[in-house]
Amino acid sequence: MSTDFLARAEAAERNSRARDDADRPAFHVAPPVGRLNDPNGLIVDGEDYHAFFQYTPEHPLKFVYWGHAVSKDLVHWDYRAPAILPDSHQDANGAYSGTAIGVEGGVELWYTGNYKDPGTGEREATQCLVETSDLRTFVKTREAIIARQPEGYTAHFRDPQVWKDPDDPAGSYRMMLGVQRANLTGAILLYRSSDRRNWVCEGEMTFPDAGGAFDDFGYMWECPNLVRLRDEASGDVRDVLIFCPQGISPEREGFENVFPCVYVVGNLVGTELRGADGAFEEVDRGFEFYAPQVYARRGADWGDFDSGDPALLIGWAGNAGEDDQPSIESGGWVHCLTSPRALALVSGRLVQRPFLPGLPFVPASAPSIDEGGAGGVVELEGSRSWRYSACLNLPAASALVLEAESGGGVRIRVTPESLEVDRSASRYPHGDVRRVALEAGEASRIEVIHDRSLTEIVLGGGSRVFTFRSFLTGEGAGLRVLVEGGAGVVAAEFARLD
């Protein structure tokens, strides 16, 4: 008898304790039950924002689905039945990550099917397709579209992004995949198709101006995503490649998570990312961030950067292998997604600005502090979810300190030169203190979005972002704002969000 995976997921959700858990985020995507990881198939359809995600409702049983949530304002999420079930040979060991594309008559979801032979343990990775006309009913193709990886690559061959090529007058389509070469180094493969059913491998993405910087750059590249942006400073159109290279250890600050997520800026011409000079930067400097994806838009072409609609990115606020979190015991769920971020490119740097149209900033009392060196303290009313924003005046040897639950939670300290996050007194078991060097001007503005057990810090208007899980010890933590050494806080706003 075949397994009814939908019935199993629905049963797990009916019995879920997650909705009553005080740690479950109020306005971020989190699993109805079990485990969540990578965001998948992000697409805007009319007024609806759809977020699919890697979903394991019977965690720790490893039946990996695509979960599905939809919102009109990116704050209030309606959780629907899983869209892709692990119910065929090609995805028997998981419907792995992928993306969405709007097509005539509906939407296509492209994903990697994962199968492991139970006898030999040999892995099969295939690129698969699900079609939907209404984003409610999902039809899986019988056979994989790309049945195996090319010669010279291992079965670590996954995470397709599919888009219509605006640079091809014939209107062909492209697919980008993260791969591992036979020599155990990471790369990206590019495919092309005229009908999205028959694909020809064009070869690896190369970086002709990088001086070999990416020739031996980790052992696997996951979750590649390409977005085209117009630089707000220069007006130049650039392509931003975001990907997750596993196994790199650069000899500079950062890259401290299990696996990092980086971006590279250039211009994709054929298979060459021209103008990428070997520079790469982390997308997010926080303790938990991985596998981000940029929203596609049904009815709009990829690369339509002048439409007025922002390029929106969402990431996974988690790390591989770090599932032993307080929410497993308290609610039977683990992990969540980040807030959506509107992407911009400014002088070649990726800028991320929180984009939460359904979260109006109605400030409560948040008086400015400027004690001229004597120090100052403001206690803000307790809340499990809140948003704080301020313009700062930080002379040398001064600091702004934010305490979420004084003495029992999280301490954020900003100086003109650095950001330090200390969660050693929280209930979170992975990582205690991290210090990040700041560039000139980044400490002039701060925004903190805190949603029960998730905190996101945005500095410099989005030039520096820091995401982390923040399991506090009490229910009504609120916020304590302190200044040190002549620091000044002006134009501060505070909003309770629950």
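The model shown is predicted, which means the values in this text are computed figures rather than measured ones.

A word on the sheet that holds strand β12 (residues 200–204). Pairing in this open sheet of 4 strands is antiparallel, and the strands run β9-β10-β11-β12 from one edge to the other. With one partner strand each, in any of the chains shown, β9 (153–164) and β12 form the two edges of the open sheet. Mean inter-strand twist for the sheet, computed between neighbouring axes without regard to direction, equals 25°. The pairing of strand β10 (residues 173–181) with strand β11 (residues 186–193) spans 8 bridges and is antiparallel.

Time to look at unusual backbone geometry. Residue P60 is reached from H59 by a cis peptide bond, and omega for that bond is 10°. Inspection of the secondary structure assignment puts P60 in the loop between β2 (48–56) and β3 (65–71). Within the chain, F255 stands out as a residue other than glycine whose phi angle is a positive 60°. Residue placement: F255 occurs in the loop between β14 (237–246) and β15 (262–269). With a relative accessible area of 12%, F255 lands in the buried category. The residue S347 is not glycine, and still its phi comes out positive at about 55°. Mapping S347 onto the fold places it in the loop between β22 (341–346) and β23 (349–354).

Under the defined criterion, the tally for this structure stands at 38 salt bridges. Residue R434 pairs with E256 through a salt bridge whose shortest N-O separation is 3.6 Å. Placement of the pair is R434 in strand β30 (residues 433–437) and E256 in the loop between β14 and β15, with a sequence separation of 178 residues. With its nearest N and O atoms 3.5 Å apart, the salt bridge here joins E282 to R285. Side by side, E282 and R285 carry an identical accessibility label, which is buried. Three or more residues joined by partner-sharing salt bridges are found here, namely D165, D168, R174, R192 and E202.

This brings us to the nonpolar core. Counting residues in hydrophobic clusters, the biggest one holds 43 residues, and the most contacted among them are L229, V240, I242, Y295 and L343. Top element by residues in this core is strand β20 (residues 311–316). It accounts for 5 residues. V240 has contacts with N225, L226, V227, L229, Y263, V264, V265, L345 and L350, leaving out every residue within four places of it along the chain. Of all hydrophobic cores here, the second largest spans 32 residues; its members include L419, L459, F468 and V481.

Okay, the pairing of β10 next. Within β10, 9 of the 9 residues are buried, which leaves the element mostly enclosed by the surrounding structure. As paired elements, β9 and β10 share 7 bridges and run antiparallel to each other. Residue pairing across strands places K164 opposite Y173, the latter belonging to β10. Where β10 folds back on β11, the antiparallel hairpin that results is connected by 4 residues, among which L184 adopts a positive phi of roughly 65°.

A separate point is the side chain of D159. Looking at the element boundaries, D159 is found in strand β9. Within the structure, D159 has its side chain in polar contact with the backbone nitrogen of C223 (distance 2.9 Å). Ignoring any residue separated from it by four or fewer positions in sequence, one finds D159 in contact with S97, T112, Q127, M176, L177, E222, C223 and P224.

Reading guide: rules and limits
Residues numbered from 1 in each chain as written. Predicted model: local features only at pLDDT ≥ 70, side-chain atom pairs only at ≥ 80, totals over all residues. Heavy atoms only, no water. Pairing = 2+ DSSP bridges. Helix = DSSP H or I, 4+ residues; strand = E, 2+ residues; numbered from the N terminus. Axes fitted to C-alpha atoms, helices over the stretch in contact; angles between N-to-C directions. Buried < 20%, exposed > 50% of the residue type's maximum accessible area, 1.4 Å probe, protein only. Salt bridge = Lys/Arg side-chain N within 4 Å of Asp/Glu carboxyl O. Core = buried A, V, L, I, M, F, W, Y, C linked by side-chain atoms within 4.5 Å. Contact = heavy atoms within 4.5 Å. Polar contact = N/O pair within 3.5 Å; in protein donor to acceptor, adjacent residues only side chain to side chain.

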